[in-house]
Amino acid sequence: MLPNHLPNEPDLHRDIRRGIRQLCARFPDSYWRDLDRDQAYPTDFVRAMTEAGWLAVLIPEEFGGAGLGVTEASIILEEIHCAGGNAAACHAQMYVMGTLLRHGSNAQKEQYLPAIASGELRMQAFGVTEPDAGTDTTKIRTTATRDGDHYRIRGQKIWISRAQHSDLLLLLARTTPLDQVAKPTHGLSIFLIDLRMAVGNGLTIEPVEVMMNHHTTQLFFDDLLVPAENLIGEEGKGFRYVLDGMNAERILIAAECIGDGYWFVDRATTYANERVVFDRPIGQNQGIQFPIARAYVNIRAADLMRYDAAARFDAGQPCGAEANMAKLLAADASWEAANVTLQTYGGFGFAKEYDVERKFRETRLYQVAPISTNLILSYVGQHLLGMPRSF
Ligand SMILES: Cc1cc2nc3c(=O)[nH]c(=O)nc-3n(C[C@H](O)[C@H](O)[C@H](O)COP(=O)(O)OP(=O)(O)OC[C@H]3O[C@@H](n4cnc5c(N)ncnc54)[C@H](O)[C@@H]3O)c2cc1C
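### Re the overall build of the protein chain
Here comes step 1: Counting its secondary structure elements, the protein chain contains 12 helices and 10 strands.
Here comes step 2: At 21 Å, the protein chain has a C-alpha radius of gyration in line with the 21 Å of a compact globule built from 391 residues.
Here comes step 3: Dimensions along the principal axes, computed over C-alpha positions, put the protein chain at roughly 80 × 50 × 40 Å.
Here comes step 4: Taken across its 391 residues, the protein chain has 56% of its residues classed as buried.
Here comes step 5: Sequence separation of 24 or more characterises 72% of the internal contacts of the protein chain that already satisfy a separation of 6 or more.
Here comes step 6: A total of about 17,200 Å² of accessible surface is found on the protein chain, and carbon and sulfur atoms cover 52% of it.
Here comes step 7: Placing the 38 positive and 48 negative side-chain charges of the protein chain at their respective mean positions leaves the two points 4 Å apart.

### Topic: the packing of aromatic side chains
Here comes step 1: For the structure on display, the rule yields 12 aromatic pairs.
Here comes step 2: Ring geometry for Tyr31 versus Trp32: centroids 5.2 Å apart, planes at 85 degrees, classification edge-to-face.
Here comes step 3: A residue is classified by how much of its surface remains accessible, and Tyr31, at 17% relative accessible area, is buried.
Here comes step 4: Assessed through its relative accessible area of 6%, Trp32 is described here as buried.
Here comes step 5: Through a chain of ring-to-ring contacts, the aromatic side chains of Phe27, Tyr31, Trp32 and Phe45 assemble into a single cluster.
Here comes step 6: Seen from the ring of Trp335, Arg364 lies directly overhead, with NZ or CZ sitting 5.3 Å from the centre.

### Examining the packing of helix α5 (residues 92-103) against helix α6 (residues 106-118)
For any two helices packed against each other, one specifies the crossing angle of their axes together with the interaxial distance.
Here comes step 1: Their axes nearest at 11 Å, the elements α5 and α6 cross at an angle of 160 degrees. Considering their axes alone, α5 and α6 lie roughly antiparallel with respect to each other. You can see that α5 and α6 cross each other, and the crossing is left-handed. Of the residues in α6, those in contact with Gln93, Met97, Leu100 and Leu101 of α5 are Gln108, Lys109, Tyr112, Leu113 and Ile116.
Here comes step 2: Of the residues assigned to the contact of α5 with α6, the class counts are 6 nonpolar, 2 polar and 1 charged.

### Describing the site of the ligand
Here comes step 1: In the vicinity of the ligand, 20 residues are found, and the nearest of them are Phe126, Thr129, Thr135, Trp159 and Ser372.
Here comes step 2: At 2.9 Å from an oxygen atom of the ligand is found a main-chain nitrogen or oxygen belonging to Val128.
Here comes step 3: One of the side-chain N or O atoms of Thr135 is found 2.4 Å from an oxygen atom in the ligand.
Here comes step 4: In the complex, 67% of the free accessible area of the ligand, which totals 960 Å², lies under the protein chains.
Here comes step 5: Sorting the residues of the shell around the ligand by element identifies β3 (150-161) and α12 (373-384) as the ones contributing at least two each.
Here comes step 6: If you tally residues by element for the shell around the ligand, the top one is β3, at 3 residues.
Here comes step 7: Looking at side-chain class alone, the shell around the ligand contains 11 nonpolar, 8 polar and 1 charged residues.

The rules behind the values
As a convention, each chain's residues are numbered from 1 in the sequence order in which they are written. Two thresholds apply to this predicted model, a pLDDT of at least 70 for residue-level local features and 80 or more for giving and counting side-chain atom pairs, whereas whole-chain, interface and lining totals are computed over all residues. Note: side-chain values were computed over all heavy atoms of the structure, leaving out hydrogens and water. Only DSSP runs of H or I with at least four residues qualify as helices, and only runs of E with at least two residues qualify as strands; both kinds are numbered from the N terminus onward. It is over C-alpha atoms that the radius of gyration is taken, and the globule rule equals 2.2 Å times the number of residues to the power 0.38. Each residue is placed in one exposure class: buried if its accessible area under a 1.4 Å probe, protein chains only, is under 20% of its type's maximum, exposed if it is over 50%, and partly exposed if it falls in between. Here, two residues are considered to be in contact whenever any of their heavy atoms come within 4.5 Å of each other. Residue burial considers only the protein chains on display, and all accessible areas are found by Shrake-Rupley using a 1.4 Å probe. Just so you know, the count uses Lys and Arg for positive and Asp and Glu for negative, and it drops His and the chain ends. Positions of charges follow a simple convention, taking NZ of Lys, CZ of Arg, CG of Asp or CD of Glu. Ring pairs shown here join Phe, Tyr and Trp side chains whose ring centres sit within 6.5 Å, with only the six-membered ring taken for Trp; geometry is labelled stacked below 30 degrees between planes, edge-to-face above 60, and tilted in between. Two limits define a charge over a ring: the Lys NZ or Arg CZ must be within 6 Å of the ring centre, and within 35 degrees of the ring normal. Lines fitted to the C-alpha atoms define the axes, with helices restricted to the stretch that makes contact. Angles between their N-to-C directions range from 0 to 180 degrees. Angle categories are assigned with fixed cut-offs, so that under 35 degrees is roughly parallel, over 145 is roughly antiparallel, 65 to 115 is roughly perpendicular, and the rest are oblique. Crossing handedness: left-handed means the near helix sits turned counterclockwise from the far one by under a right angle, and right-handed means the same turn made clockwise. Ten residues, namely Ala, Val, Leu, Ile, Met, Phe, Trp, Tyr, Cys and Pro, are considered nonpolar, four, namely Asp, Glu, Lys and Arg, are considered charged, and the remaining ones, Gly among them, are considered polar. One heavy atom within 4 Å of a molecule or strand makes the whole residue count as near it. Definition of a polar contact: a pair of N or O atoms within 3.5 Å, with one able to donate and the other able to accept a hydrogen when the atoms are protein atoms, and with sequence-neighbouring residues admitted only if both atoms are side-chain atoms.

Here it is as structure tokens:
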């Protein structure tokens, strides 16, 4: 396997890599390939990750977790991808955690965090996107209306992944109508929904089949009653709270892309060295060698931006720009590496048994989700470079 760590990496990070590699060795390519064929959830893998405590690294020690940062969480996810796996089945617990940690009440933390840390409760679903609003989050139409000591939730969400494999959902809903707020980002609130109670009592979940094994769904809320104590933080401030979570998500997804990128380059290099055509390894041809080398260079560069963004996040500094740029660079680099690897494998790249086409499909998602490349560029153009707002 290619060295994928930076020079002078702290012992803790090396230990995390070693631990995840050992765990992932129990889940070889064939495990992921079979799941992909059957569109099945990696239950055994997620259980092993939970039992080993890896999904609880962001939970403070006083609540049963490891009390580590997004940097360490990102290394865990990177290593899963580097080993040929797909952390999408369980990564949300990492990136939604910040919202609960930073904005949840003590009572909420005491109620949920120890159970999440032990694996008794799964918090794997994050509900923001809606069919009509798309990326324009402030236009969401799902409403939460106060009704005594409850909120009444109505509306629809799409692309809510893992809702059928989670006990808790972090939901964004509008509590004050758009035409009654000073700014469109005001009047949105975050709720912790207990899916075990909600399904069949105002919430319906329908799976949505996609091009990779992803377990995404649409949600229909028809007067779901949620206890008022499940509101996270203050009513109306939810957009600000999710932005924190979104920065963590971008950094963590960047790390997954980087792991994919290293996986692709490793496979492409090995194949280019072994495959002999015209009496020479195909990697001897610079038309094959240079694109692989370039893909590697781009992954290493994206990796630096990932560490920069993660360090800022962990230090509590503003990191929106770095998190977005890390996500863009890493998603581009992994997609480039995926293309190059498919090309290097020639016809065999399309054969399922080599896993290249599976990882190719999986890594393509990150050009679009959780934020599309265009939207990152518009953020950079407008907010960092001061060019005119385009929408
Ligand atoms: C498999 C999968 C899993 C997902 N999981 C979750 C989840 O768990 N929770 C959740 O809340 N969401 C989830 N999403 C949703 C995901 O975050 C959105 O798909 C993504 O943010 C893009 O939004 P959209 O699909 O509505 O695209 P749209 O907003 O409809 O945009 C369509 C295209 O137009 C481009 N575009 C739009 N506006 C502009 C503009 N002003 N300038 C330039 N280009 C523009 C976009 O870049 C995009 O390429 C998931 C999506 C997928 C496919």
